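Here is how the chains run, residue by residue.
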Amino acid sequence: MGQDSTILDAVIVGSGFAGLYAIKRLRDAGFSIQAFEAGDGIGGTWYWNRYPGARVDLECWDYSYSFSPELQDEWDWPERYPTSSELMRYLNHVADRFHLRESIQFNTKVTSAVFDEQANLWNVTTSYGKTVKARFFVPATGVLSVPKPPEIPGIETFGGQTYHTGRWPHHEVDFTNKRVGVIGTGSSGIQVIQALAGKCKHLTVFQRTAVFVVPAKNHPLTPAMRARVRATYGERRAISRLTRFGIAVPMSSESAVEATVEERQKKYENAWENSQLLGFRMCYGDILADEAANETVAEFIRGKIREIVKKPDVAEKLLPRGFPFGTKRPCLGDTYYSVYNRDDVELVDLRATPIERIVPEGVVTSDGLHELDVLICATGYDALTGALTQIDVRGLGGRKLTDKWSEGAKTYLGLMTAGFPNLFTVTGPGSPGPLANMSMSIEQHVDWITHCMEHLRDHNIDRIEAGQHAEEAWMQHVQEIVSRTLYLKANSWYLGANVPGKPQVFLPYLGGHGTYRKKCDDVAAAGYEGFVLRHRAESEAANEPVNAGHGEAARSAAAGMLGGGA
Ligand code: N01
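Residues numbered from 1 in each chain as written. Predicted model: local features only at pLDDT ≥ 70, side-chain atom pairs only at ≥ 80, totals over all residues. Heavy atoms only, no water.

Another point: the packing of aromatic side chains. Evaluation of the coordinates by the stated rule reveals 38 aromatic pairs. Taking 5.7 Å as the distance between ring centres and 75° as the angle between the ring planes, the aromatic pair formed by Phe212 and Phe323 counts as edge-to-face. Separated by 111 residues along the polypeptide, Phe212 in the loop between strand S9 (202-207) and strand S10 (213-214) and Phe323 in the loop between helix H10 (312-318) and strand S11 (331-332) bring together distant segments of the chain. Site record: aromatic cluster; members linked through ring pairs are Phe17, Tyr21, Trp46, Tyr63, Tyr65, Phe67, Trp75, Trp77, Tyr90 and Phe98. In this structure, Arg50 packs its charged tip against the face of Tyr47, placed 5.0 Å from the ring centre. Taking the ring centre of Phe245 as reference, the NZ or CZ of Arg281 above it sits at 5.9 Å. (Phe/Tyr/Trp six-rings, centres within 6.5 Å; stacked < 30°, edge-to-face > 60°. Helix = DSSP H or I, 4+ residues; strand = E, 2+ residues; numbered from the N terminus. Lys NZ or Arg CZ within 6 Å of the ring centre and 35° of its normal.)

Bringing the sheet that holds strand S17 (residues 392-394) into the picture now. By way of backbone hydrogen bonds, the strands of a sheet pair with one another, either parallel or antiparallel. With respect to topology, seven strands assemble into an open sheet ordered S3-S2-S1-S6-S5-S4-S17, the strand pairing being mixed. At either margin of the open sheet sits one strand with a lone partner, and together these are strand S3 (104-105) and S17. Summarising the sheet, strand S5 (residues 121-126) and strand S6 (residues 131-139) pair through four bridges and their orientation is antiparallel. What sits directly across from Val124, in S6, is Val132. Each of strand S1 (7-13), strand S2 (33-36) and S3 is contacted by helix H1 (residues 17-28), which is oriented at about 155° to S1, the strand it contacts most. (Pairing = 2+ DSSP bridges. Contact = heavy atoms within 4.5 Å. Axes fitted to C-alpha atoms, helices over the stretch in contact; angles between N-to-C directions.)

All right, on to the side chain of Ser492 then. Positionally, Ser492 belongs in the loop between helix H14 (468-483) and helix H15 (513-525). With residues near it in sequence (within four places) discarded, Ser492 still touches Thr327, Lys328, Ala497 and Asn498.

All chains considered together, the criterion is met by 29 salt bridges. Across the salt bridge formed by Arg329 and Asp57, the nearest N and O atoms sit 2.8 Å from each other. Placement of the pair is Arg329 in the loop between H10 and S11 and Asp57 in the loop between helix H2 (45-48) and helix H3 (69-74), with a sequence separation of 272 residues. Residue Glu74 is joined to Arg97 by a salt bridge in which the shortest nitrogen-to-oxygen separation is 2.4 Å. Of the two residues, Glu74 is situated in helix H3 and Arg97 in helix H4 (residues 84-97); the sequence distance between them amounts to 23 residues. Residue Glu74 is classed as partly exposed on the basis of its relative accessible area, which comes to 35%. Assessed through its relative accessible area of 31%, Arg97 is described here as partly exposed. (Salt bridge = Lys/Arg side-chain N within 4 Å of Asp/Glu carboxyl O. Buried < 20%, exposed > 50% of the residue type's maximum accessible area, 1.4 Å probe, protein only.)

Time to look at unusual backbone geometry. With glycine set apart, most residues show a phi of negative sign, and most peptide bonds adopt trans. Here Asn120, not a glycine, exhibits a phi torsion of approximately 60°, which is positive. Considering the arrangement of structural elements, one finds Asn120 in the loop between strand S4 (110-116) and S5. The exposure class of Asn120 is buried, given its relative accessible area of 5%. The residue Glu151 is not glycine, and still its phi comes out positive at about 50°. As for its position among the elements, Glu151 is in the loop between S6 and strand S7 (161-164). A relative accessible area of 43% means that Glu151 is categorised as partly exposed.

This brings us to the site of the ligand. Around the ligand sit 25 residues, and of these Arg55, Pro150, Ser188, Thr209 and Lys328 come closest. Between the ligand and the protein, one listed contact pairs a nitrogen atom with a backbone N or O atom of Pro150 at 2.5 Å. Taken by itself the ligand offers 910 Å² of open surface, and the protein chains cover 89% of this. The residue inventory of the shell around the ligand, partitioned by class, reads nine nonpolar, nine polar and seven charged. No fewer than three residues from each of domain 1 (2-146 + 383-561) and domain 2 (164-217 + 247-377) sit in the shell around the ligand. (Near = heavy atom within 4 Å. Polar contact = N/O pair within 3.5 Å; in protein donor to acceptor, adjacent residues only side chain to side chain. Areas by Shrake-Rupley, 256 points an atom, 1.4 Å probe, with all protein chains shown as cover. Nonpolar A, V, L, I, M, F, W, Y, C, P; charged D, E, K, R; others polar. Domains from an automatic or database assignment.)

The subject of this paragraph is the sheet that holds strand S15 (residues 368-371). Reading across from one edge, S13-S14-S15 is the order of the three strands in this open sheet, with antiparallel pairing throughout. Looking at the sheet topology across the chains shown, the edges are occupied by strand S13 (355-359) and S15. Strand-to-strand twist in this sheet, taken as the mean axis angle between neighbours without regard to direction, amounts to 25°. As judged from the four bridges shared by S13 and strand S14 (residues 362-365), these two strands associate in the antiparallel manner. Directly across from Ile355, in S14, lies its bridge partner Thr365.

The subject of this paragraph is the packing of helix H7 (residues 261-273) against helix H9 (residues 291-308). Orientation of H7 relative to H9, taken along the N-to-C sense of each, is 60°, at an axis distance of 11 Å. It follows from the interaxial angle that H7 and H9 lie oblique. Crossing of H7 over H9 shows right-handed handedness. Taking contact as the criterion, the partners of Arg264, Gln265, Tyr268, Glu269 and Trp272 in H7 are, on H9, Ala293, Thr296, Val297, Phe300, Ile301, Lys304 and Ile308. For the contact of H7 with H9, the class distribution of residues is seven nonpolar, two polar and three charged. (Parallel < 35°, antiparallel > 145°, perpendicular 65-115°, else oblique. Left-handed = near helix turned anticlockwise from the far one by under 90°.)

Attention now moves to the environment of Ile155. Secondary-structure assignment places Ile155 in the loop between S6 and S7. For the pair formed by Ile155 and Ile358, sequence separation is 203 residues and the distance between their alpha carbons is 5.1 Å. The contacts of Ile155, once residues within four sequence positions are left out, are Pro150, Ile358, Leu375 and Cys377.

What follows is about the domain arrangement of the chain. How large an interface is tends to be reported as the accessible area lost when its parts come together. Domain parsing of the chain yields domain 1 (2-146 + 383-561) and domain 2 (164-217 + 247-377). A C-alpha centroid distance of 31 Å is found between domain 1 and domain 2. Carbon and sulfur atoms make up 55% of the area that domain 1 and domain 2 hide from each other, which totals about 2600 Å². It is Tyr51, Asp57 and Leu486 that lose the most area in domain 1 upon contact with domain 2, and together they represent 26% of the buried surface on that side. Summed over the shared surface of domain 1 and domain 2, the number is two salt bridges. Here the side of domain 1 that touches domain 2 is built from residues that sort into twelve nonpolar, seven polar and eight charged. (Buried area = accessible area lost by both parts, 1.4 Å probe.)

Encoded structure:
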């Protein structure tokens, strides 16, 4: 982009799905880039999440890159839902095939990023103390990458081995003859519990909130199945780009409350038998918006739990209650409920008998000591903002990102935050990110960012920033959309409710992947409406925004957004 070879066009942070694709796209577009990765290998979330049973719960034909038809054609997925090691194999293949590794410095954490407003450059400092200068700062740090500890007194005194699912060691952990405890029953806990039942001496599950777990129906893929998927990849991806969740499964617009009991039963049985993560949510249009509709699904799944779990008192504890189905992320698992029929698996209901402390021998709840050799914390993440706020990011006037976001993250379109020019957040808060197909959300964001940087280069513009009014209107719109749904009725990580002291603001955009994609494209087509752009010459001469006249347009565009629908 510029002449000075010591100045990079962009620094990218991370080498998971997002970082790898950002390296590829920005490099192909002719930008000079450097990526930093804290781990000693690529893979991002999959690099760290190697716990037993770890696998993605979107089907491989959705949860994979779509940018290269050759890559799609040559890659053989062995199973419907790939394990973390299969995903690592895939991502390593992508890194090798497109020569991405040469742009990544491993074992290097980015510790700070400070914007120099005179020079219009980001000074990015790493754990080695070295600072590099770049025009753009692109954290591709993932939405679920900073593990959340369980915040239980005495945890450091535990005498056995302690692990967090989100920081699993890279060596084999032997559970033979071990008494293992798992704290947490979200997606990670559900997977690790299924994998360890029967593989250790005794498994104790500490459950604070029972979740909805629907069958995964995972299976190996035959060559014929793979051929069928390949034949329809193009069409599937094209449809997915327009849908609410970024996958090519039709969403019904019918109402669950208006359907007859028999109609509902038939649909729900079908969803149970032919399940995928979003199956139940697709059955009726009002499931995530109407409590009575939602309760029909919730009660159907509770009925299945009662059928599978033989001990009625245990089944009763496993029944999810107190939040609508789908508002905490549902989990997938083929054997989850049946593991509780084993004599060597015990469920501790923390609502009835809370954890008091951890001692060297194990976990003490209000009904006594549970002796353990291994403690696994499947206690989740400081989601959506944790990885960004771990970096000391400072924008205009030296303002810290943590100060700006002290009452909740604010962005325009989840792509930029006002006061922090030339910083793009890949699948940032305020975008659909984790409420849609992540790999598709990542490609959409990275494509948009690349086009934007090309536009700036072609028009000699050296600064882009989210407009204040556009940002406020967008965040209002995000809140307005979620308020029409049931999502605010659950203490979820979407809301930041799982991290003590974190501001509780619902951050993912719920308007749907397709709607959001169109919005981003329209904004770009209108000359990056709502953003403030500054020409290089003007930067040098004064601080007057080149599209100051867009200020009103931005405000009215933002006001127009408020009319959007979920
Ligand atoms: O984390 P979670 P996760 N004492 O936050 C409990 C993605 N993912 O790692 O609900 C006792 O969902 C907490 O209880 P509660 C996916 O998007 C995907 O499982 O707060 N319990 C909850 O049960 C997922 O949603 C895949 O009452 C405590 C659990 O810990 C996201 O990652 C696989 C506690 C945390 O559940 C996060 O999933 C894995 C305490 N002090 C993850 N603190 C796939 O693709 C927390 N808990 C398959």
